[in-house]
Amino acid sequence: MINRRQMLSAGAATMVAAGAAAQTRFRDLPEAASTDSPMTQVPPRPSVGVDYNPVVTLNGWSLPFRMNGNVKEFHLVAEPVERIMATGMIARLWGYNGQSTGPTIEAVEGERVRIYVTNRLPEHTSVHWHGLILPSGMDGVGGLSHPAIPPGKTYVYEFDLTKSGTFMYHPHADEMVQMAMGMMGLFIVHPRDPAFMPVDRDFAFLLAAYDIDPGTYIPRVAEMTDFNMWTWNSRIFPDIDPLAVSKGDRVRVRCGNLTMTNHPIHMHGYDFQVTCTDGGWVPESARWPEVSIDIPVGAMRAYEFDAVHEGDWAIHCHKSHHTMNAMGHDLPTFIGTDKRKLTGMIRERQPGYMPMGTAGMADMGMMSMELPDNTVPMMTGWGPYGPLEMGGMFSVVKVRAGLAADDYSDPGWYQNPPGTQAWEWTGELPDHASNDSPETRLTPRPTRDNG
Ligand SMILES: [Cu+2]
């Protein structure tokens, strides 16, 4: 393997072939691909190396690679980036290759990878390959595994991918600041046997939380708990792309959590099973059905389902303040109050003032309030029938018949077949039962009158 002196000199000079098994042709750095687009970029199937069905990173992309002999080479660049979190909101973050979150690294079980990491940050960094089994010196804990990568330098990580699965990467140097600034990415290792756990669509995203005050651009990096931007791949609803699925597809959704709290991800319309964690594949006998899957801090979960139910199905974090965008939490509750007198007094000074929150907070989703620069409404997003009153960690799984295999574009809103949508009742209402007693009551068995 690489010794420390080689590691330190790898930035300026080219790497000497590391390890007996590695064959190299190129002696220069692989090109560092970059993108300034926050849109989902569906990766092409690999044209060299072992074939696999690429992962689709929501509002993200996969890092191009080159085969250097039998080694798959990548070039990650840690650098300041601008991320459009949603229309009207830019975050000045740190990321990789032009974006936060960073590009997804995809490779195949059994391959050797060589990952060049160039540090264009103003401070040192490192890359920890979360969940991967590798030599201690490649583990990326600055100061423990190797010296942290100084600004301007390039280090090389090289290891064999001993198992397939769902992993991620992030710095392990000034970790609190660098992750609060958006430094993270997915690392997917496909099985060498294409017949093992095949799926038709394979989606992936990382949960990341930021604290960006309205009107500002840079996250408050010392925040511990009170975040206001709950993102998937550093995007917030309504600008998280939908998950377009063709009816009948076998679908996998992979999700990793690099925030400071857990996120119960709930998907409507289906039950599903967790098939993979960052520890490996879950044996079939150990899986159980779920409709919400809690993603613990610093963990990954992948679940699978057969897309047999057509429709538009919400997928979201079930902590309801995580499906909100920037909001003040110090709001008094006005539900049930009569603000008419107060409204009159305020309107004397500010004509057109509208009281809000007296019937709930849904009116905030209906109104277009004047906002400071560079922020987004707390709840937003419109569906075909009105405001969704959602932000943050929310998207829609859109299952449609007959989508082409490589078509991930938004198919628009689902047209519910006649007779399959809730409707307004305008007839006479039957009596409704009511109960003001706190005591447990046994419900009588239904009486049958059909003989
Ligand atoms: Cu959440």
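Provided above is the structure to which this section pertains.
The model shown is predicted, which means the values in this text are computed figures rather than measured ones.

Right, let's get into the overall build of the protein chain. Within the protein chain, the secondary structure is distributed over 4 helices and 24 strands. Evaluated residue by residue, the protein chain yields a buried proportion of 49% over its 451 residues. A separation threshold of at least 6 residues defines the contact pool for the protein chain, and within that pool the share at least 24 residues apart is 73%. Summed over all atoms, the accessible surface of the protein chain reaches about 22200 Å², with 55% contributed by carbon and sulfur.

The coordination sphere of the copper ion contains the protein donors His263 (ND1), Cys317 (SG) and His322 (ND1), at a distance range of 2.0 Å. The sequence pattern formed by the donor residues of the copper ion is H-x53-C-x4-H. Of this pair, His263 sits in strand E15 (residues 263-267) while Cys317 is found in strand E21 (residues 311-317), placing the two residues 54 residues apart along the sequence. For the pair formed by His263 and Cys317, the shared burial category is buried.

As a general feature of sheets, a regular strand has side chains that alternate between the two faces. Of all 7 residues in strand E8 (residues 154-160), 6 are buried, a share of seventy percent or more. Bridge count between strand E6 (residues 112-119) and E8: 7 bridges; the pairing is antiparallel. Within E8, the position partnered with Ile115 by the bridge is Tyr157.

What follows is about the side chain of Ser145. Relative to the elements of secondary structure, Ser145 occurs in the loop between strand E7 (128-130) and E8. Of note is the side chain of Ser145, whose polar atom sits 3.4 Å from the backbone nitrogen of Gly140. For Ser145, the residues in contact, after removing those within four places along its chain, are Ser136, Gly137, Asp139 and Gly140.

Before going further, it helps to examine the packing of aromatic side chains. In the structure shown here, the tally under the stated rule is 16 aromatic pairs. Pairing Phe205 with Trp232 gives two aromatic rings, centres 4.2 Å apart and planes at 25 degrees, and the pair type is stacked. Of this pair, Phe205 sits in strand E11 (residues 201-210) while Trp232 sits in strand E12 (residues 229-232); the two residues are 27 residues apart in sequence, bridging distant segments of the chain. This pair shows no difference in class: Phe205 is buried, exactly as Trp232 is. For the ring pair Tyr270 and Phe305, a centre distance of 4.8 Å and an interplane angle of 50 degrees mean the geometry is tilted. Taken together, the residues Tyr270 in the loop between E15 and strand E16 (272-277) and Phe305 in strand E20 (residues 299-306) connect sequence positions 35 residues apart. The exposure class of Phe305 is buried, given its relative accessible area of 3%.

Our focus in this paragraph is the nonpolar core. Trp232, Ile265 and Phe305 are the most contacted members of the largest nonpolar core, which has 32 residues in total. With 4 residues, E11 is the single largest residue contributor to this core. Beyond its immediate chain neighbours, meaning those up to four positions away, Phe305 contacts Asp249, Arg250, Val251, Val253, Met267, Tyr270, Asp271, Phe272 and Val397. Of all hydrophobic cores here, the second largest spans 31 residues; its members include Phe74, Tyr96, Ala107 and Val113.

This next bit is on the state of the cysteines. Evaluated as defined, the whole model comprises 0 disulfides. Cys317 provides the cysteine sulfur closest to Cys255, a residue in no disulfide bond, and the two sulfurs are 9.2 Å apart. We classify Cys255 as buried; its relative accessible area is 3%.

Spatially, the 5 strands line up as an open sheet ordered E13-E24-E21-E15-E19, and their pairing is mixed. Each edge of the open sheet is held by one strand with a lone partner, namely strand E13 (243-246) and strand E19 (292-295). Taken pair by pair, the neighbouring strands of this sheet meet at an average axis angle of 20 degrees, ignoring direction. Here E15 pairs with E19 via 4 bridges, running antiparallel. What sits directly across from Ile265, in E19, is Ile293.

On to unusual backbone geometry. Note: most peptide bonds trans; most residues except glycine with negative phi. The omega torsion across Ser100 and Thr101 is 0 degrees, close enough to zero to call that bond cis. With an omega dihedral of 15 degrees, the bond running from Phe237 to Pro238 counts as a cis peptide bond. Residue placement: Pro238 occurs in the loop between E12 and E13. Its identity is not glycine, yet Met197 carries a phi of approximately 50 degrees, on the positive side. Relative to the helices and strands, Met197 resides in the loop between strand E10 (185-190) and E11. For Met197, a relative accessible area of 18% puts it in the buried group.

Turning next to the side chain of Asn257. Tracing the backbone through its elements, the reader meets Asn257 in strand E14 (residues 250-257). On the basis of relative accessibility, which here comes to 0%, the residue Asn257 falls in the buried class. Separated by 2.8 Å, the side chain of Asn257 and the backbone oxygen of Thr261 make a polar contact. A polar side-chain atom of Asn257 sits 2.9 Å from the main-chain carbonyl oxygen of Ile295. Beyond its immediate sequence surroundings of up to four residues, Asn257 is in contact with Met168, Leu207, Asn262, His263, Ile295, Pro296, Val297, Gly298 and Ala299.

Close approach of charged atoms allows side chains of opposite charge to pair. According to the stated counting rule, one finds 22 salt bridges in the structure shown. With a shortest N-O distance of 2.9 Å, Glu304 and Arg252 are connected by a salt bridge. With Glu304 in strand E20 and Arg252 in strand E14, this pair connects stretches of sequence that are 52 residues apart. What makes Glu304 buried here is its relative accessible area of 4%.

What counts and what doesn't
Residues numbered from 1 in each chain as written. Predicted model: local features only at pLDDT ≥ 70, side-chain atom pairs only at ≥ 80, totals over all residues. Heavy atoms only, no water. Helix = DSSP H or I, 4+ residues; strand = E, 2+ residues; numbered from the N terminus. Buried < 20%, exposed > 50% of the residue type's maximum accessible area, 1.4 Å probe, protein only. Contact = heavy atoms within 4.5 Å. Areas by Shrake-Rupley, 256 points an atom, 1.4 Å probe, with all protein chains shown as cover. Donors = N, O, S within 2.8 Å, 3.2 Å for Na, K, Ca; no water. Pairing = 2+ DSSP bridges. Polar contact = N/O pair within 3.5 Å; in protein donor to acceptor, adjacent residues only side chain to side chain. Phe/Tyr/Trp six-rings, centres within 6.5 Å; stacked < 30°, edge-to-face > 60°. Core = buried A, V, L, I, M, F, W, Y, C linked by side-chain atoms within 4.5 Å. Disulfide = S-S within 2.5 Å. Axes fitted to C-alpha atoms, helices over the stretch in contact; angles between N-to-C directions. Salt bridge = Lys/Arg side-chain N within 4 Å of Asp/Glu carboxyl O.

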